[in-house]
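# Working through the structure, step by step
As a plain string of letters, each chain reads:
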Number of protein chains: 2
Amino acid sequence: MTSRIIGYYTTQFGELWDKSLFNLVEEAIIGVLNTTNIEPGTIDAIFFGNMLAGILENNLHAGAKIADIFGLNIPIFRVESACASGGIAFHLAYEYVQSKKGKTVLIIGAEKMTDVQPEYITQGLISAASGEEQESGITFPGLYALMARIYMKKYKYNEKNLAAVAVKNHAHGVLNPSAHFRKSITVEQVLNSPIVANPLKLLDCSPVSDGASSLIITSNQSLIKQKGGVHILTSQTATDSISLLRRDSLIGLKATRIAAEKAFTESKLQRKEISLAEVHDCFTIAELFAMEDIGFWKKGEAGQKAIDYETLISNGGNLIVNTSGGLKASGHPVGATGVKQLGELYLQLTQQANKRQVKNVKYGLAHNVGGSGGTAVVSILGV
Amino acid sequence: MTSRIIGYYTTQFGELWDKSLFNLVEEAIIGVLNTTNIEPGTIDAIFFGNMLAGILENNLHAGAKIADIFGLNIPIFRVESACASGGIAFHLAYEYVQSKKGKTVLIIGAEKMTDVQPEYITQGLISAASGEEQESGITFPGLYALMARIYMKKYKYNEKNLAAVAVKNHAHGVLNPSAHFRKSITVEQVLNSPIVANPLKLLDCSPVSDGASSLIITSNQSLIKQKGGVHILTSQTATDSISLLRRDSLIGLKATRIAAEKAFTESKLQRKEISLAEVHDCFTIAELFAMEDIGFWKKGEAGQKAIDYETLISNGGNLIVNTSGGLKASGHPVGATGVKQLGELYLQLTQQANKRQVKNVKYGLAHNVGGSGGTAVVSILGV
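As the structure is a computational prediction, the values presented were derived from the model and not from experiment. (Residues numbered from 1 in each chain as written. Chains lettered and ligands numbered in written order. Predicted model: local features only at pLDDT ≥ 70, side-chain atom pairs only at ≥ 80, totals over all residues. Heavy atoms only, no water.)

### Focus on the overall build of chain A
Looking only at helices and strands, chain A features 15 helices and 12 strands. In terms of overall size, chain A behaves like a compact globule, its C-alpha atoms giving a radius of gyration of 19 Å where 383 residues would be expected to give roughly 21 Å. Each principal axis of the C-alpha atoms in chain A carries an extent, and together these give about 55 × 45 × 40 Å. Within the span of chain A, comprising 383 residues, buried residues form 68% of the whole. When the accessible area of chain A is evaluated, it comes to approximately 12800 Å², of which 50% is carbon and sulfur surface. On chain A, the mean spot of the 36 positive side-chain charges and the mean spot of the 34 negative ones are 7 Å from each other. (Helix = DSSP H or I, 4+ residues; strand = E, 2+ residues; numbered from the N terminus. Rg over C-alpha atoms; globule rule 2.2 N^0.38 Å. Buried < 20%, exposed > 50% of the residue type's maximum accessible area, 1.4 Å probe, protein only. Areas by Shrake-Rupley, 256 points an atom, 1.4 Å probe, with all protein chains shown as cover. Lys, Arg positive; Asp, Glu negative; His and termini not counted. Charge placed at Lys NZ, Arg CZ, Asp CG, Glu CD.)

Written out as structure tokens, the structure reads:
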């Protein structure tokens, strides 16, 4: 059965001091209904991806709270897979449509992160790590820094290879009006920014952001005829041991490798047919891992290709990565990220990406990760 | 496509001071695999229902933590719909099998509630209510007490009509070795127990429990041939405004009415064909609402039928309710409850319920509620 994304909306990402979680959710719902000109009664179910509302604001049972906004008593599901909550919401919504339970489904990803003291955010985020990692006092920058050190040593790279990822994604963020950061940065600025967890500097890290993004997907053929949209070729997910201690390897993420392999098998596409990807760059090292683990590049190549800026829009290469600005510049309201990635592909594939439009795009891939790699989701869209 | 439940396991429910959340989850996984004699490699995905681990123990991203136990990199999804988390996990797992994404899926519901100070549990649970209800300082017993008062006044009932529900469910709990409470109580004991939120007494309220329950469902026809199991006829869910202020009526739960109507429509069954039900008796008033909202009895009849003990096993009626002991006596580890309800029906329909076995059971219904009625799930199983 063919299912398509027929609409996308995102709020501004950033420090939105005047907006609550459900203000953002409401804007995302109304925004996508208006953009697509679809009546609420057409929506059969809602999937909501959110990580931290329980911990940060004692706010659970979002399904029923969204029912207050939506008002139609339809099934509403909240799913949580740490920073992959948005990608997983999309994945399960797609399967829900494939099961024929519903024809037209709304997906929302949202996170409100800035209303608490920074130490609570750090503590909330580390809830996605293993108990022993939490007890050790390490943070997510620390976990990724450990992996970065091993990767850099093995392939003889230095901090410049990491920094180039942030420079590229900020260059893209300048072109995205909804991005948290819309200013360009240099390698020197990254290297001179404060150390968060050596070798990761402040500008190697995605920010703490607020935001909500929404998609409508449908298998209703008459709606598809009206709205066009983009084809969902596949959505695949895999898990891995959340604890670095118990991983087979620390120079990449096994969950990404498995999910990507399944996605390419099911879609029958080759890596080289993908001209556009939104990958999970929560830290600069994570984009290097993603490019290798998805199979775009061989293990160890990404550090070089990063400083060659191969995937920068303005270089006009065959594969452009993180046109939204990625998590780094677009911002990382964790539940929203996986939805925004798919929305960015939708905008590109429907030629609505304005200043950051990539030419001749046919297939795009989205890659969303939970924690230090315990969950990965890989989805492929096509025109 | 036909899908069946082919296995069930539950840990003891109770105050399990020596077990962590993931100890319980591990026992539930190993237990159901052993009981069904199924290899882990047969499982295509896992759905996990849990409400409070984020709030109570800063423990999110359970999918990846279960991956550490399971070790096979398969998709694992955590869903949260307050006290309906288990029922929703089952619902989405069933749709996942119907979508043909996976053939054989493991469902786990679990909650660890007793390791924190009681006031934190109350605070965690009220996260499922609306923001304005939270700010008012009301608790869930308070919300159900408000609804109980309105129901009692309208239909001229008193606290004895409520108490009879607890007496019946404790009588059933005596027969269930995994129940939190296995002692019978009297109406007088209920009436004389401390007031929690008038008119609800301590013995009108389900307890704070630890526990984990697990099911395996499959559409694999050769597995079904080997294992038998029970047929899943339908699983339906609906939402309603979480805030009592914005409800159409306070003498029942609209979300239950909608989900039940959809379940009977899809299964093409009549109410009178159901001989067994597990309904969500978080408070005694909630079982009265459930019986009327599902449509077993007319609005206003349940108070009388409760004191007639129509649904008590030993009365041998046409419809027996909460043979597990319900939430009241079996216990209410919130994420586990919806899974245990379906497991109890499985045991009854496969003639494995021992001392509490009901004769001539053909169809059973499970009803799981989130919060004060913001979410409801109604599923029907058959032999």
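### Thoughts on helix H11 (residues 254-267) of chain B
Residue and element names in this part refer to chain B. Between the first and last C-alpha of H11 there are 20 Å, a value that for 14 residues agrees with the 20 Å anticipated at 1.5 Å per step. Listing the buried residues of H11 in full gives Ala 255, Thr 256, Ala 259, Ala 260, Ala 263, Phe 264 and Ser 267. All buried residues of H11 lie within an arc of 150° about the axis, which places them on one face of the element. Elements that come into contact with the buried residues of H11 comprise strand E8 (230-239), helix H12 (284-293), strand E11 (363-370) and strand E12 (375-382). After H11 finishes, the residue Lys 268 shows a positive phi value of roughly 60°. (Expected span 1.5 Å × (residues − 1). Arc of directions from axis to C-beta. Contact = heavy atoms within 4.5 Å.)

### Some thoughts on the relation of the copies chain A and chain B
Note on the copies: chain A fits chain B at an RMSD of 0.0 Å, the axial shift is 0.0 Å, and the rotation between them is 180°. The superposition of one copy onto the other is thereby described by a two-fold rotation axis. Closest approach to the rotation axis among the C-alpha atoms of chain A is made by Ser 99 of chain A, whose C-alpha sits 1.8 Å away. The residues that chain A uses at the interface reappear at the interface of chain B in 100% of cases, marking a shared surface. (Least-squares fit on C-alpha atoms with pLDDT ≥ 70 in both.)

### Examining the packing of helix H8 (residues 159-173) of chain B against H12 of chain B
Residues and elements named next belong to chain B. The contact between H8 and H12 brings their axes to 8 Å, and the two run at 95°. In terms of their interaxial angle, H8 and H12 are classed as roughly perpendicular. Across the interface between the two elements, Asn 161, Leu 162, Val 165, Ala 166, Lys 168 and Asn 169 from H8 touch Thr 284, Ile 285, Glu 287 and Leu 288 from H12. Looking at side-chain class alone, the contact of H8 with H12 contains five nonpolar, three polar and two charged residues. (Axes fitted to C-alpha atoms, helices over the stretch in contact; angles between N-to-C directions. Parallel < 35°, antiparallel > 145°, perpendicular 65-115°, else oblique. Nonpolar A, V, L, I, M, F, W, Y, C, P; charged D, E, K, R; others polar.)

### Quick word on the nonpolar core
In a soluble, globular protein the nonpolar side chains are often hidden away together inside. By size, the foremost hydrophobic cluster in this structure holds 72 residues, and its most contacted members are Ile 217 of chain A together with Ile 217 of chain B. Counting residues in each nonpolar core, the second largest holds 62 residues, with Leu 162, Cys 282, Ile 294 and Leu 365 of chain A among its members. (Core = buried A, V, L, I, M, F, W, Y, C linked by side-chain atoms within 4.5 Å.)

### What about unusual backbone geometry?
Residue and element names in this part refer to chain A. With omega at 10°, the peptide bond leading from Asn 198 into Pro 199 counts as cis. Position of Pro 199 relative to the elements: it lies in the loop between strand E5 (195-197) and strand E6 (200-201). The phi dihedral of Gln 351 falls on the positive side, at around 60°, and the residue is not glycine. Here Gln 351 shows up in the loop between helix H15 (334-349) and strand E11 (363-370).

### Details of the interface of chain A and chain B
Facing 58 residues of chain A, the contacting portion of chain B comprises 58 residues. Carbon and sulfur atoms supply 50% of the area that chain A and chain B bury against each other, a total of about 4200 Å² over both sides. When the area that chain A buries against chain B is broken down by residue, the three leading residues are Asn 58, His 61 and Asn 73 of chain A, summing to 18%. Counting the contacts that link chain A with chain B gives six salt bridges. Across the pair Arg 246 of chain A and Asp 68 of chain B runs a salt bridge, and its minimum N-O distance is 3.3 Å. (Buried area = accessible area lost by both parts, 1.4 Å probe. Salt bridge = Lys/Arg side-chain N within 4 Å of Asp/Glu carboxyl O.)

### What about the pattern of salt bridges?
For the coordinates displayed, the defined rule picks out 34 salt bridges over all chains. In this structure, Asp 293 of chain A and Arg 257 of chain A form a salt bridge, with 3.1 Å as the shortest nitrogen-oxygen distance. Remark: Arg 257 of chain A occurs in helix H11 (residues 254-267) and Asp 293 of chain A occurs in helix H12 (residues 284-294); sequence separation between them is 36 residues. Ionic pairing is found between Asp 210 of chain B and Lys 112 of chain B, a salt bridge with its closest N-O pair at 3.0 Å. Of this pair, Asp 210 of chain B sits in the loop between strand E6 (200-201) and strand E7 (211-218) while Lys 112 of chain B sits in the loop between strand E4 (104-111) and helix H5 (118-126), and the two are 98 residues apart along the sequence. Under the relative-accessibility criterion, Asp 210 of chain B is labelled buried at 0%.

### Quick look at the packing of aromatic side chains
All names here are of chain B. This model, assessed by the stated rule, comprises 16 aromatic pairs over all chains. With 4.8 Å between their ring centres and 35° between their planes, Phe 47 and Phe 77 make a pair best called tilted. Of this pair, Phe 47 sits in strand E2 (residues 45-49) while Phe 77 sits in strand E3 (residues 76-79), and the two are 30 residues apart along the sequence. Of the residues examined, Phe 47 reaches a relative accessible area of 0% and is grouped as buried. On the numbers, 5.0 Å between centres and 40° between planes, the contact of Tyr 144 with Phe 283 is tilted. Here the residue Tyr 144 occupies a position in helix H7 (residues 140-155), and Phe 283 occupies one in the loop between strand E9 (276-278) and H12, the gap between them amounting to 139 residues. (Phe/Tyr/Trp six-rings, centres within 6.5 Å; stacked < 30°, edge-to-face > 60°.)

### Re the confidence of the model for chain A
Looking at chain A, the pLDDT average stands at 97 and 100% of residues meet or exceed 70. Interface confidence in the predicted complex, given as ipTM, is 0.97; pTM for the same model is 0.98. (pLDDT = per-residue confidence, 0-100.)

### Some thoughts on the environment of Gln 117 of chain B
Of note, Gln 117 of chain B is situated in the loop between E4 and H5. Put simply, Gln 117 of chain B and Leu 56 of chain B are 61 residues apart on the chain and 9.7 Å apart in space, counted from C-alpha to C-alpha.

### A closer look at the pairing of E2 of chain B
Counting buried positions over the five residues of E2 of chain B gives five, a clear majority of the element. A two-sided burial pattern is seen for E2 of chain B, the buried positions comprising Ala 45, Phe 47 and Gly 49 of chain B on one face and Ile 46 and Phe 48 of chain B on the other.

### Topic: H5 of chain B
Those residues of H5 of chain B that sit buried are Ile 121, Gly 124 and Ile 126 of chain B. On its buried face, H5 of chain B is in contact with helix H2 (53-57), helix H6 (131-136) and H7 of chain B.

### A look at the pairing of strand E3 (residues 76-79) of chain A
Two faces, one strand: in a regular strand the side chains alternate between the faces of the sheet. Residues and elements named next belong to chain A. Here E3 shows a buried face lined by Ile 76 and Arg 78 and a second buried face lined by Phe 77 and Val 79. Bridge count for strand E2 (residues 45-49) against E3 is four bridges, and the pairing is parallel. Directly across from Gly 49, in E3, lies its bridge partner Val 79. (Pairing = 2+ DSSP bridges.)

### Considering the side chain of Arg 78 of chain A
Along the chain, the position of Arg 78 of chain A falls in strand E3. Polar contacts involving the side chain of Arg 78 of chain A include one to the main-chain carbonyl oxygen of Asn 50 of chain A, which spans 2.9 Å. In this structure the side chain of Arg 78 of chain A is engaged in a polar contact, spanning 3.2 Å, whose partner is the backbone oxygen of Met 51 of chain A. Here Arg 78 of chain A is in contact with Phe 48, Asn 50, Met 51 and Leu 60 of chain A together with Arg 78, Val 79 and Glu 80 of chain B, once residues within four sequence places are set aside. (Polar contact = N/O pair within 3.5 Å; in protein donor to acceptor, adjacent residues only side chain to side chain.)

### Observations regarding the side chain of His 280 of chain A
Residue and element names in this part refer to chain A. Within the element layout of this structure, His 280 appears in the loop between strand E9 (276-278) and H12. Using a relative accessible area of 1% as the deciding quantity, one classes His 280 as buried. At 3.1 Å, the side chain of His 280 and the side chain of Asn 368 are in polar contact. Leave out the neighbours within four places in its chain, and His 280 touches Cys 83, Ala 286, Glu 287, Leu 327, His 332, Thr 337, Gln 341, His 367, Asn 368 and Val 369.

### Quick notes on the environment of Ser 178 of chain B
Structurally, Ser 178 of chain B is set in the loop between H8 and helix H9 (187-192). Separated by 56 residues in the primary sequence, Ser 178 of chain B and Thr 122 of chain B have C-alpha atoms spaced 24 Å apart.

### A look at the state of the cysteines
All names here are of chain A. This model, assessed by the stated rule, comprises zero disulfides over all chains. Between Cys 83, a free cysteine, and Cys 282, which holds the nearest cysteine sulfur, the sulfur-to-sulfur gap is 6.8 Å. Looking at the unpaired Cys 205, the closest cysteine sulfur is the one in Cys 282, lying at 9.1 Å. Judged by relative accessible area, which is 9%, Cys 205 ranks as buried. (Disulfide = S-S within 2.5 Å.)

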